[in-house]
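# Observations on the three-dimensional arrangement
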Protein chains: 2
Amino acid sequence: GSSASKQIKKSFKSCFHGTKPGFRVNFEKFLSDFTPHEFASLIIKAHIALISCRSFQSLDYDNIENHLFLEEERRMGHMSFRCLEISRWVICGLIGVLTGLIACFIDIVVEKLAGVKYVVVKKSIDKNTEIGGMCISLILWAALNSAFVMVGAIIVAFFEPIAAGSGIPQIKCYLNGVKVPRVVRLKTLMVKVCGVICSVAGGLAVGKEGPMIHSGAVVAAGVSQGRSTSLKKDFKIFEYFRRDTEKRDFVSAGAAAGVSAAFGAPVGGVLFSLEEGASFWNQLLTWRIFFASMISTFTLNFVLSIYHKKTGELSSPGLINFGSFDLKYNIYEIPLFIVMGAIGGLLGALFNVLNYWLTIFRIRYVHRPCLQVMEAMLVAAVTATVSFAMIYFSNDCQPLETQKSSEDYSLQGFCADGEYSAMATAFFNTPERSVRSLFHSPAGTYKLETLGCFTLVYFFLACWTYGLTVSAGVFIPSLLIGAAWGRLFGIMLPYIALNPSVKVSCFLAAGKDAYQHSRFYFAGGIVRMTLSLTVILVEATGNVTYGLPIMLVLMTAKIVGDYFIEGLYDVHIKLQSVPFLHWDAPATSHSLTAREVMSSPVTCFNRVEKVGTIVDVLSNTSTNHNGFPVIIQTALCGLILRSQLIVLLKHKVFVERARSRLRQRKLQLKDFRDAYPRFPPIQSIHVSQDERECMMDLTEFMNPTPYTVPQDTSLPRVFKLFRALGLRHLVVVDDDNRVIGLVTRKDLARYHLGKHGLEELHLAHT
Amino acid sequence: GSSASKQIKKSFKSCFHGTKPGFRVNFEKFLSDFTPHEFASLIIKAHIALISCRSFQSLDYDNIENHLFLEEERRMGHMSFRCLEISRWVICGLIGVLTGLIACFIDIVVEKLAGVKYVVVKKSIDKNTEIGGMCISLILWAALNSAFVMVGAIIVAFFEPIAAGSGIPQIKCYLNGVKVPRVVRLKTLMVKVCGVICSVAGGLAVGKEGPMIHSGAVVAAGVSQGRSTSLKKDFKIFEYFRRDTEKRDFVSAGAAAGVSAAFGAPVGGVLFSLEEGASFWNQLLTWRIFFASMISTFTLNFVLSIYHKKTGELSSPGLINFGSFDLKYNIYEIPLFIVMGAIGGLLGALFNVLNYWLTIFRIRYVHRPCLQVMEAMLVAAVTATVSFAMIYFSNDCQPLETQKSSEDYSLQGFCADGEYSAMATAFFNTPERSVRSLFHSPAGTYKLETLGCFTLVYFFLACWTYGLTVSAGVFIPSLLIGAAWGRLFGIMLPYIALNPSVKVSCFLAAGKDAYQHSRFYFAGGIVRMTLSLTVILVEATGNVTYGLPIMLVLMTAKIVGDYFIEGLYDVHIKLQSVPFLHWDAPATSHSLTAREVMSSPVTCFNRVEKVGTIVDVLSNTSTNHNGFPVIIQTALCGLILRSQLIVLLKHKVFVERARSRLRQRKLQLKDFRDAYPRFPPIQSIHVSQDERECMMDLTEFMNPTPYTVPQDTSLPRVFKLFRALGLRHLVVVDDDNRVIGLVTRKDLARYHLGKHGLEELHLAHT
């Protein structure tokens, strides 16, 4: 353990020197030295080392109230604030409309592409019934799938790797205060939208709902800033909102609008945003988020109603529409729900374990973009092949009249005329339609073995698919597995099948499974999204009565699942090494104080500091600090950020200069806003030798009232302050107001591993 | 203005001397010197003066992390924390069950009593059809009503005045951090439950839903403390939870369980609690609150299903059950919703203005308990008389078969045989049944004039009833007015009546009206409960599709209503002078700093302080501080509360004593918990002259790490810190860590009037 630990440290040292690409290669080499088993045991340690790396910046969710800011605020009258408030509402409306339109676009294009694909394949299957022709159909199907997926994987792997997956983990990190690079850029949105269209049209076991949340967030970040840095277009509006605090509020609204568009669940969207992002509940903000969600659902609904030639009928609120359920449950079924929840928990744990090992495998061997594209194509081809085989070998034929007209692509397969293959309904369809069919088809539509095979195959397919380098969500697959499993359960227990609760059970199975899978899908470590998931499911089904059973199933599944393996996202977050702050400090952490937690010594600046000193400190890659306490003699008098210093250096706001050229323009808040959020690196700023001797007066630019804590403050207290206010730096001072340390996100996130005991805490200290 | 202001100040000076009853008389005398108009213009000033009075204490929602506490936490292992967590879940389950049972009890008793009453009156009416007999029936009805209401008003006015009204304002204040005396006591619960039964059975225009929220909160406060001080019974369990922080969490859960039981809306309950109470969203807490809500709905449902002999059919989730709606709305109706919302806003504003003047009248003239009881009886008698007159003069007869069997008390009235009076369905019924009838009866059940009269009369009755000294809610009356108005609207616009949206409109009118009324009902000043109200309405109707229209209507009503008069509760809160903290500091308050806001000079103690000094400071009624910074020389080193000092004095924890008797028991956290929450007044503690010369060492008991801010911190920043962490005292320090002031809730609440400009702020400073 000790030598391994040393090796890790040695290996991780490289990341302190800012050589990120090189480090990555080293890291991968280093990982390949271990067996998967050894590797797993080292993850915790690696995580701690990684958290200390500077790969993730934090966001400032606390306003920097320096003189410039306060002056501006004091100049503003009551009316200006009202105008700002109106702008906020307008922006939220825009976010809702744009998110809704994007959802429409994805929905329509996917339907069109999938329609073309299924019609072509269906024609081929219907035409060629002998074995040779079958092969042609199969190859056609697999090739079409692979082609779609290839396009999707290529744009993700080569152009914007951050667009992989559902994007929910990234948005959660953003709202939590971690700056994930490039996560809310226009390019990411483009890749995400095209990627999700390709992967769904490519027949993968994925959903298009998750990526909507990411899309909504990007839209929000773009609209609220009134400019696009990628397009080099600045509309000169909404300049007031160009800071992390305001931007986060809009991104929350965007994420909510995304959820709302995806599931037709505006309240669920609001809850999602609040659970993930807003640790401080502000009533006006909540109301705006709700507004954005409502507008988003409404836009989607309205545009789709026009598209479906039923203008004005607002009956399809979300991308996924489960149809309406009108069954009631009986109190005697409650134990049944609990049993289903427990089984769901077990299945979810199995899924997690499998995906965990798969992820480790991918980290070790599938890290090149080419390999990633190939893996995605392989999965697409295998999905087609397996589906084809399932339909081929299935003998579950159903008379054609029982099928609803909405499920278009009915395959006769190898059934008699006037019949269709039940397996094809499940496999030869977009996942959303399969879910609807599984929820609503009358009893007897599916045979036991059909459902069994489908559940089993789809379980492994979904597990394999999650983590591919494509842009896609896992909510629908998990719901699909759940629905199939629920039906299976209903058929297996004849006494349940006899009463109408079979559908309820079916739905509930979906719920619990969705939960288990969503544990990593919706990411968030300890945050398990249970409340918002319940609300989303209730809203998506349009039936309030299911609240209690859904909650029961979700709770049971959670308890059972947690017993075996933690939420998969907990593992993923460790692998990604995001310094994610959970809700509370670990329960047993009262014995730690700020003194033990903080980073020290701290680099401080004098209020009037030599330019040379500042440049040297900022250029020092081995420390790479982002916040610097400002002192008079020894007492703390303010806090200044790297980004502010860089703007100051760029504009050469030096005391000597100001004296020589009296007419020099005074630096405005606008200059900082224009530079936000992509501040140039220190290396790009040239400071001459003369200028190095100048002085810089930080008084106006520093935050003169940073939050401070005494050094004896307990970790939970520090944590609460940090988390509740969304801080980035918290200064630790002694009784005479001297700076003795600085607490940052990374110092607190380290201790979140301490859940299993205090060992990791000691390790983190060495 | 100036002389009036002086007079106010003079008059209010009395409250600084702790002579509260005397002050009250003076205050009322003082008020009677003004006309209502003058009075209204003085309210703002009076409010500021009152806030500075010490009539309301604050609660400590920040843990007091002194040595004793930290020692205990550090001793506790992982398992202890897990046990605590399980206890929390058990308590939440208990809260849910008990709240559900109370709801059942109220429901069943009200139904029984109202049933008996209506049967007796119906018999009398059916028997006596000539004018003389009519009078007897009328007198019988009025007498029965008055008798019920008298009982209800007497117990409220004489035994527990805090139980008047719905109790939601009080719970909101409690969750906000204001200690409203006696609000969560067992006695209050008893009076509340009996009071609400009497007032609903007494036929007042009130609902039984609001008081459920208060009841749930009292149950939660009782269960979580594991003892009842009123009953002098201590179960010696849950001692860990005997502090404000933990208690608040449970009270949130209780309030949510109350909402959930009242409306069958568990998610709405959670949102209500979060909107009102939890400024810091904690995921586990939310989950527990949701659990309590679910259990509460479930218990109510289950017990009622047994009572109604339909064991196991969980179809009536709340006290109020609107039945199911299955209409869809069309996009073309959206402008209609907005119009309805606007009219609702106007009506709501009218209601508010009327009730505002009525409240002023009541404060001036109806302040004795006897008068209050008489007014309540008068309202009861008038309600009966008006109802009777309406039925008598109404000629709206409907054939009996159109009526549903569930609406039992159909009155033939003056209709032909085989017919019943439509007016009687609305008036001769409990409000819940009337609402259901108005929502669901087929078109044509009510005539235009019937609805018009009903709306008008009920509007004024409800307005008069609100603010009586009875225990009752205003949600159902407002819903009833809204429902009647919606139907009226539907009939008046024939083209709307032609399509099925009449019901939707009807419901929406209810929504907006409920909102307008709930603005003061659900209290909360700026907090307008819009999100949770939407969710409650959606859940109560069991139909998710209504989300958007409800939100639109609520928003329009809010905007229109705000234009004319602020939410009525804003006025009520001013009259009650509660130092309620809103979400944010006023927008234009950046020009104020902690230095201007804080109270100073501050009474500080030395870390080792003379007992005599402490006793003198605590006994000084003119200052009556609750928190005292502790200093070494001049530097801040801690903060100690009055309640802690009193416990220390009571146990005579003096340094000299400790030396003389070495075996003296060391003071434990348990001693503080046993004294919580009713700490004795300083006057009850006898300290001898010798003891006055002793010293007291505060080191172990003070909070060694109080939150501090520099004196230049802007008001919004101070406010955010204070509000986000639920602080009670915030120490303002200078650069050398010397105490220069103390910010308390009252210092911040003062500035909340500054919404209309900065005038009040200056006034508050003089």
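Residues numbered from 1 in each chain as written. Chains lettered and ligands numbered in written order. Predicted model: local features only at pLDDT ≥ 70, side-chain atom pairs only at ≥ 80, totals over all residues. Heavy atoms only, no water.

### Regarding the overall build of chain A
Using the following cut-off: Counting from the N terminus, the helices are DSSP H or I runs at least four residues long and the strands are E runs at least two residues long. With a 1.4 Å probe rolled over the protein chains alone, any residue whose accessible area is under 20% of its type maximum counts as buried; one over 50% counts as exposed, and the rest are partly exposed. Here, two residues are considered to be in contact whenever any of their heavy atoms come within 4.5 Å of each other. All accessible areas in this document rest on Shrake-Rupley with a 1.4 Å probe, and a residue is counted as covered only by the protein chains that are shown.
Helix and strand counts for chain A come out as 32 helices and 14 strands. Counting the 766 residues in chain A, one finds 64% classified as buried. Look at the contacts in chain A between residues 6 or more apart in sequence, and 78% of them connect residues 24 or more apart. Of the accessible surface of chain A, which amounts to about 27,600 Å², a share of 63% is contributed by carbon and sulfur atoms.

### Some words on the pattern of salt bridges
Let me state the cut-off plainly: Note on definitions: salt bridges are taken to be side-chain nitrogens of Lys or Arg within 4 Å of carboxyl oxygens of Asp or Glu.
Going through the model one piece at a time under the given rule, you end up with 41 salt bridges over all chains. Salt-bridge contacts for Glu375(A) lead to Arg362(A); the nearest nitrogen and oxygen are separated by 3.0 Å. Here Glu375(A), found in helix H14 (residues 369–393), pairs with Arg362(A), found in helix H13 (residues 334–365); they are 13 residues apart in sequence, far enough to count as distant. Neither residue differs from the other here; Glu375(A) and Arg362(A) are each classed as buried. The partner of Arg738(B) in a salt bridge is Asp734(B), with the nearest N and O atoms 3.2 Å apart. For Arg738(B), a relative accessible area of 35% corresponds to the partly exposed category.

### Observations regarding the packing of helix H25 (residues 611–619) of chain B against helix H26 (residues 642–650) of chain B
Residues and elements named next belong to chain B. As a reminder, the rule being used: Fitted lines through C-alpha atoms give the axes, limited to the stretch in contact for helices. The angle between two N-to-C directions lies from 0 to 180 degrees. Reported orientations rely on four angle classes, namely roughly parallel under 35 degrees, roughly antiparallel over 145, roughly perpendicular from 65 to 115, and oblique for the rest. Crossings are sorted by hand: turned counterclockwise from the far helix by less than a right angle, the near helix makes the crossing left-handed, and turned clockwise it makes it right-handed.
At a minimum axis separation of 11 Å, H25 and H26 run at an interaxial angle of 130°. Between H25 and H26, the crossing angle belongs to the class labelled oblique. Viewed along their axes, H25 and H26 form a crossing whose handedness is left-handed. Each of Val611, Ile614, Val615 and Leu618 in H25 lies in contact with H26, whose residues at this interface are Arg642, Leu645, Ile646 and Leu649.

### Quick notes on a nonpolar patch on the surface
What counts here: Exposure above 30% relative accessible area and the absence of a salt bridge qualify a residue for a patch, where like charges join within 9 Å and nonpolar side chains (Val, Leu, Ile, Met, Phe, Trp, Tyr) within 5 Å.
Residues Met150(A), Ile154(A), Phe158(A) and Phe159(A) make up a contiguous nonpolar surface patch of about 350 Å² in total accessible area. One can find Ile154(A) in helix H6 (residues 131–159).

### A closer look at helix H7 (residues 168–176) of chain B
All names here are of chain B. Within H7, nine of the nine residues are buried, which leaves the element mostly enclosed by the surrounding structure. Residues of H7 that are buried: Ile168, Pro169, Gln170, Ile171, Lys172, Cys173, Tyr174, Leu175 and Asn176. A positive phi of about 115° marks Gly177, the residue just after H7.

### Focus: the environment of Ile481(A)
All names here are of chain A. With respect to the helices and strands, the residue Ile481 is situated in helix H18 (residues 475–492). For Ile481, a relative accessible area of 1% gives the class buried. Ile481 sits 25 residues away from Leu456 along the chain, and the two C-alpha atoms are 8.4 Å apart.

### A word on the pairing of strand E14 (residues 739–744) of chain B
Within a regular strand, the side chains alternate between the two sheet faces. All names here are of chain B. As a reminder of what qualifies: Any two strands with at least two DSSP-identified bridges between them are counted as paired.
The element E14 is largely enclosed, with a buried count of five among its six residues. Bridge count between strand E13 (residues 729–733) and E14: five bridges; the pairing is antiparallel. Residue pairing across strands places His729 opposite Thr744, the latter belonging to E14. Turn length for the E13-E14 hairpin, with the two strands adjacent in sequence and antiparallel, is five residues, and the turn residue Asn737 shows positive phi of about 65°.

### Considering the packing of helix H9 (residues 210–225) of chain B against helix H10 (residues 244–263) of chain B
In helix packing, the relevant descriptors are the interaxial angle and the interaxial distance, both defined with respect to the helix axes. Residues and elements named next belong to chain B. Spelled out, the test is: Three classes are used: nonpolar for Ala, Val, Leu, Ile, Met, Phe, Trp, Tyr, Cys and Pro, charged for Asp, Glu, Lys and Arg, and polar for all others, with Gly counted as polar.
Look at H9 against H10: their axes get within 7 Å of each other, and the N-to-C directions meet at 140°. The crossing of H9 and H10 is right-handed. Across the interface between the two elements, Met212, Ile213, Gly216, Ala217, Ala220, Ala221, Ser224 and Gln225 of H9 pack against Lys247, Phe250, Val251, Gly254, Ala255, Gly258, Val259, Ala261 and Ala262 of H10. Considered class by class, the residues forming the contact of H9 with H10 number eleven nonpolar, five polar and one charged.

### Let's talk about the sheet that holds strand E9 (residues 627–632) of chain B
All names here are of chain B. Judged by pairing direction, the sheet is mixed, and its three strands sit side by side in the order E7-E9-E10 without closing on themselves. At either end of the open sheet lies a strand with only one pairing partner, and these are strand E7 (605–606) and strand E10 (635–641). Relative to E9, E7 runs parallel, the two being bridged by two bridges. Residue pairing for E9: Asn606 is matched across the bridge by Ile631. Where H26 meets the sheet, its contacts fall on E7, E9 and E10, and the angle it forms with E10 comes to roughly 75°.

### Digging into the side chain of Ser252(B)
Along the chain, Ser252(B) falls in helix H10. Ser252(B) gets classed as buried once you look at its relative accessible area, which sits at 2%.

### So, H10(B)
All names here are of chain B. Basically, it comes down to this: One less than the number of residues in a helix, times 1.5 Å, gives the span that helix is expected to have.
Across its 20 residues, H10 extends 28 Å between first and last C-alpha, which sits within 8% of the 28 Å expected from 1.5 Å per residue. Most of H10 is tucked away: 20 of the 20 residues are buried. Gly264 occupies a position one or two residues after H10 and carries a positive phi of about 65°.

### A look at the pairing of strand E13 (residues 729–733) of chain A
All names here are of chain A. Formally: Crossovers are described as right-handed under a simple rule: with the strands pointing away from the observer, the path leading from the first strand over the helix to the second runs clockwise.
Among the five residues in E13, five count as buried, and that is most of the element. Burial along E13 is two-sided: the residues His729, Val731 and Val733 and Leu730 and Val732 are all buried. This β-α-β element, strand E12 (residues 708–710) to helix H30 (residues 715–725) to E13, shows right-handed connectivity.

### So, the UniProt feature "transmembrane region" (unreviewed entry) in chain A
Residues and elements named next belong to chain A. The line we're drawing: UniProt positions are given in the numbering used here, feature names are shortened, and annotations may be inferred rather than shown by experiment.
As recorded in UniProt, the feature "transmembrane region" (unreviewed entry) lies at residues 86–110, 131–159, 250–273, 285–308, 329–351, 371–393 and 448–468. Within residues 86–110, the helical portion is 100% and the strand portion 0%, while the C-alpha atoms at the span's ends are 36 Å from each other. A distance of 32 Å separates the end C-alpha atoms of residues 371–393, which is 100% helix and 0% strand.

### Quick notes on the packing of aromatic side chains
Rules: A pair of Phe, Tyr and Trp rings is counted when the ring centres sit within 6.5 Å of each other, with Trp represented by its six-membered ring. The angle between the planes then sorts it: under 30 degrees is stacked, over 60 is edge-to-face, the rest tilted. Criterion for a charge above a ring: Lys NZ or Arg CZ within 6 Å of the ring centre, and within 35 degrees of the ring normal.
Evaluated as defined, the whole model comprises 30 aromatic pairs over all chains. Arranged with centres 5.2 Å apart and planes meeting at 65°, the rings of Trp89(A) and Phe291(A) form a pair that is edge-to-face. Here Trp89(A) is found in helix H5 (residues 78–127), whereas its partner Phe291(A) is found in helix H12 (residues 283–307), with 202 residues between them in sequence. Just as Trp89(A) is buried, Phe291(A) falls in that class too. Considering the side-chain rings of Tyr676(B) and Phe679(B), the 6.5 Å spacing of their centres and the 70° angle between planes classify their relative orientation as edge-to-face. Residue Phe679(B) is classed as partly exposed on the basis of its relative accessible area of 27%. What links up through ring pairs into an aromatic cluster is the set Phe238(A), Tyr240(A), Phe241(A) and Phe250(A). Across from the ring centre of Tyr118(A), 4.6 Å away, lies the NZ or CZ of Lys117(A), which sits over that ring.

### Brief notes about the sheet that holds strand E7 (residues 605–606) of chain A
Residue and element names in this part refer to chain A. Taken together, the three strands give an open sheet; going across it, the order is E7-E9-E10, and neighbouring strands pair in mixed fashion. Only two strands of the sheet have a single neighbouring strand rather than two, namely E7 and strand E10 (635–641). Bridge analysis of strand E9 (residues 627–632) against E10 gives six bridges, and the strand direction is antiparallel. Residue pairing for E10: Ile631 is matched across the bridge by Leu636. Each of E7, E9 and E10 touches helix H26 (residues 642–650); the most contacted strand, E10, lies at about 75° to it.

### Some thoughts on the side chain of Ser87(A)
Among the structural elements, Ser87(A) can be located in helix H5. Leaving out residues up to four positions away in the same chain, Ser87(A) has contacts with Phe238(A) and Phe241(A).

### Thoughts on the environment of Thr469(B)
Residues and elements named next belong to chain B. Within the secondary structure layout, Thr469 lies in the loop between helix H17 (448–465) and helix H18 (475–492). Separated by 313 residues in sequence, Thr469 and Val156 have C-alpha atoms that sit 6.6 Å apart. The residues touching Thr469, leaving out its near neighbours within four places in the chain, are Ala153, Val156, Ala157, Ala164 and Gln372.

### Some details on the confidence of the model for chain A
All names here are of chain A. This is how it is decided: Every residue gets a pLDDT, meaning the predictor's confidence in that residue, from 0 to 100.
On average, residues of chain A carry a pLDDT of 76, and 73% of them reach 70 or more. Segment residues 495–528 is flagged for pLDDT under 50; beyond a separation of four residues in sequence, or across chains, it makes 136 contacts in the model. Contacts of residues 758–766 to residues separated by more than four positions or lying in other chains number 15 contacts, the stretch itself having pLDDT below 50.

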